[in-house]
Amino acid sequence: MNWDDPRDATHAAADAATEPGADAADRLVGASADGEDQAVEAALRPKSLSEFVGQERVREQLDLVLKAALARGASSDHVLLSGAPGLGKTTLAMIVATEMGAPIRITSGPAIQHAGDLAAILSSLQEGEVLFLDEIHRMSRPAEEMLYMAMEDFRVDVIVGKGPGATAIPLELPPFTLVGATTRAGLLPPPLRDRFGFTGHMEFYASGELERVLHRSAQLLDVEVDAAGAAEIAGRSRGTPRIANRLLRRVRDYAQVKGDGFVTREVAAAALKVYEVDERGLDRLDRAVLHALLKLFGGGPVGLSTLAVAVGEERETVEEVAEPFLVREGLLARTPRGRVATPAAWAHLGLTAPGNAPGASGQQGLFGA
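Residues numbered from 1 in each chain as written. Predicted model: local features only at pLDDT ≥ 70, side-chain atom pairs only at ≥ 80, totals over all residues. Heavy atoms only, no water.

Student: Would you mind going over the overall build of the protein with me for this structure?
Tutor: Looking only at helices and strands, the protein has 15 helices and eleven strands in total. Across the protein, contacts joining residues at least 24 apart in sequence account for 70% of those joining residues at least 6 apart. Working note: accessible area of the protein is about 17000 Å², and carbon and sulfur atoms make up 52% of it. (Helix = DSSP H or I, 4+ residues; strand = E, 2+ residues; numbered from the N terminus. Contact = heavy atoms within 4.5 Å. Areas by Shrake-Rupley, 256 points an atom, 1.4 Å probe, with all protein chains shown as cover.)

Dropping the structure here:
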């Protein structure tokens, strides 16, 4: 990484939360995948678009793109998939290769820190091959600029020599399909983003879709789960299939040790109580943030640093790990004056909001207006 390049420095700061330790990988409801998750996901991953559950709009649009390319006998347009971790971007990339009947090459943005790294990968691609580039926004700037020409003209210029005697040797590439995945689409430069023929944004899953995911995973894992048990797990999965599958495995363990192996609503609720995941998917850290905000600071507003000290966590952990889900659930709001709890937060913890609490008399109070 070129630390003299301000854009690279911005990349590094903005991506700190995507490093392996930044998403609190030991959290049961964390969206990052550790080694165990990756191994299990490989076994549970659907192999075709017809097996893929959820993301109806993206799936339908992608199906048209791939079928049209097959009808023309050409490589598919380049595909960009964006969205939160655990929603199926890697799975869809592998499905693109399967549907096109092509091999897939997998790499990631952090692994490509020099233009030469990218040139070595591109020059070894076969015609029609799919190149999956995960966390594409974390590539170095020189590699990004080389990728522009490769995507548009299927050509890269390899620089030989240094100084005045350096020459650029054009290297023709076979037609290929690039599938890029990113959790931060806003960090992609417009010239790169515009070269993708298809862009799909992955949304969080509804409970009904997660129940279908869980039933399919249960069959593959040889776990017996009834409809009520699947619904209980789905409701605590934060709209994320990766978390749903992880919770299913922990509930399976509980059912095998404490019961007869059959997962019912009661078994699922008891198992997740042991793992401190409540009915809305909040874990210990989430509830600690809410408890501090409500009991110590009367619902806020309170500054992020003060709130982090109160729960004994780093500021970045509270901001990047706990807050996004709390805000999405409508339990916490970020305002110019600081963090404030919503009436839903008081209700969720079974507390009565005092009359002067932010938001107690309506939404207007949340923003101090």
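Moving on from the coordinates now.
Student: Would you mind showing me how to read the packing of helix H9 (residues 227-235) against helix H11 (residues 265-274) here?
Tutor: How two helices sit against one another is set out by the angle between their axes and by the gap between those axes. With their axes 7 Å apart at the nearest point, H9 and H11 run at an angle of 30° to one another. Relative to H11, the element H9 lies roughly parallel. Here Ala228, Gly229, Ala231, Glu232 and Ile233 of H9 lie close against H11, whose contacting residues are Arg265, Ala268 and Ala269. When its residues are assigned to classes, the contact of H9 with H11 shows five nonpolar, one polar and two charged. (Axes fitted to C-alpha atoms, helices over the stretch in contact; angles between N-to-C directions. Parallel < 35°, antiparallel > 145°, perpendicular 65-115°, else oblique. Nonpolar A, V, L, I, M, F, W, Y, C, P; charged D, E, K, R; others polar.)

Student: Looking at this structure, how should I read the sheet that holds strand S2 (residues 104-108)?
Tutor: Two modes of strand pairing occur in sheets, parallel and antiparallel, and in both the strands are linked by backbone hydrogen bonds. Overall, parallel pairing links the five strands, which are arranged S2-S3-S6-S1-S7 in an open sheet. Strands at the two margins of the open sheet, each flanked by one partner only, are S2 and strand S7 (198-201). Between one strand and the next, the sheet's axes are offset by a mean angle of 15°, whatever the strand orientation. Relative to strand S6 (residues 177-182), strand S1 (residues 79-82) runs parallel, the two being bridged by four bridges. Of the residues in S6, the one forming a bridge with Ser82 is Thr182. (Pairing = 2+ DSSP bridges.)

Student: For this particular structure, what's the right way to read the side chain of Lys89?
Tutor: Mapped onto the secondary structure, Lys89 falls in helix H4 (residues 89-100). An unpaired buried charge is present at Lys89: no salt bridge exists, and Glu135, the closest side chain of opposite charge, is 5.7 Å distant. Of the polar contacts made by the side chain of Lys89, one reaches the backbone oxygen of Gly83; its length is 3.1 Å. (Buried < 20%, exposed > 50% of the residue type's maximum accessible area, 1.4 Å probe, protein only. Lys, Arg positive; Asp, Glu negative; His and termini not counted. Salt bridge = Lys/Arg side-chain N within 4 Å of Asp/Glu carboxyl O. Polar contact = N/O pair within 3.5 Å; in protein donor to acceptor, adjacent residues only side chain to side chain.)

Student: Is there a simple way to explain the packing of aromatic side chains in this structure?
Tutor: Two aromatic rings are characterised by how far apart their centres lie and by the angle between their planes. As enumerated under the stated definition, the model contains one aromatic pair in all. Judged by centre distance (5.5 Å) and plane angle (80°), the rings of Phe154 and Phe176 are edge-to-face. A residue pair is termed long-range when its members are at least 10 positions apart, and Phe154 in the loop between helix H6 (141-153) and strand S4 (155-160) and Phe176 in the loop between strand S5 (167-172) and S6 qualify at 22 residues. Relative accessible area serves as the criterion here: at 1%, Phe176 is assigned to the buried category. For the cation-ring pair, Arg238 lies above Phe325, with the distance from its terminal atom to the ring centre recorded as 3.9 Å. Seen from the ring of Phe204, Arg328 lies directly overhead, with NZ or CZ sitting 3.6 Å from the centre. (Phe/Tyr/Trp six-rings, centres within 6.5 Å; stacked < 30°, edge-to-face > 60°. Lys NZ or Arg CZ within 6 Å of the ring centre and 35° of its normal.)

Student: Could you clarify how one ought to interpret the pattern of salt bridges in this entry?
Tutor: Note on pairing: side chains with opposite charge can pair once their charged atoms come close. Applying the stated rule across the entire model yields 17 salt bridges. Note that Asp253 is salt-bridged to Arg250, the shortest N-O span being 3.0 Å. You can see Asp253 and its partner Arg250 sitting in helix H10 (residues 241-258), three residues apart, about one turn around the helix. Among the residues examined, Asp253 registers a relative accessible area of 23% and is labelled partly exposed. Looking at Arg250, the relative accessible area reads 14%, which means it is buried. Residue Glu329 pairs with Arg280 through a salt bridge whose shortest N-O separation is 3.1 Å. One end of the pair, Glu329, is in the loop between helix H14 (315-328) and strand S10 (332-335); the other, Arg280, is in the loop between H11 and helix H12 (284-296), with 49 residues separating them in the sequence. Arg280 gets classed as partly exposed once you look at its relative accessible area, which sits at 26%.

Student: Help me understand the confidence of the model for the protein in this model?
Tutor: Interpretation of this model should avoid reading the predicted coordinates in detail wherever pLDDT is low. Averaged over every residue, the pLDDT of the protein is 82; the share at 70 or more is 82%. Note that residues 1-25 has pLDDT below 50 and, in this model, 40 contacts with residues that lie over four places away or in other chains. Counting contacts from residues 362-369, a segment whose pLDDT is below 50, to residues more than four positions away or on other chains yields twelve contacts. (pLDDT = per-residue confidence, 0-100.)

Student: Looking at this structure, I do not really get the environment of Glu211. What am I missing?
Tutor: If you trace the backbone, Glu211 turns up in helix H8 (residues 207-221). Not counting chain neighbours up to four residues away, the residues in contact with Glu211 comprise Ala230, Ala231 and Ala234.

Student: Looking at this structure, I do not really get H12. What am I missing?
Tutor: Side chains that are three or four residues apart share a direction in an α-helix, a result of its 3.6 residues per turn. Given a rise of 1.5 Å per residue, 13 residues ought to cover 18 Å, and the 17 Å separating the end C-alpha atoms of H12 matches this to within 8%. Within H12, burial applies to Leu285, Asp286, Arg287, Val289, Leu290, Ala292, Leu293 and Leu294. As for H12, its buried residues are in contact with helix H13 (304-311), H14, S10, strand S11 (338-341) and helix H15 (343-348). Directly beyond the C-terminal end of H12, a positive phi value near 60° is found at Gly298. (Expected span 1.5 Å × (residues − 1).)

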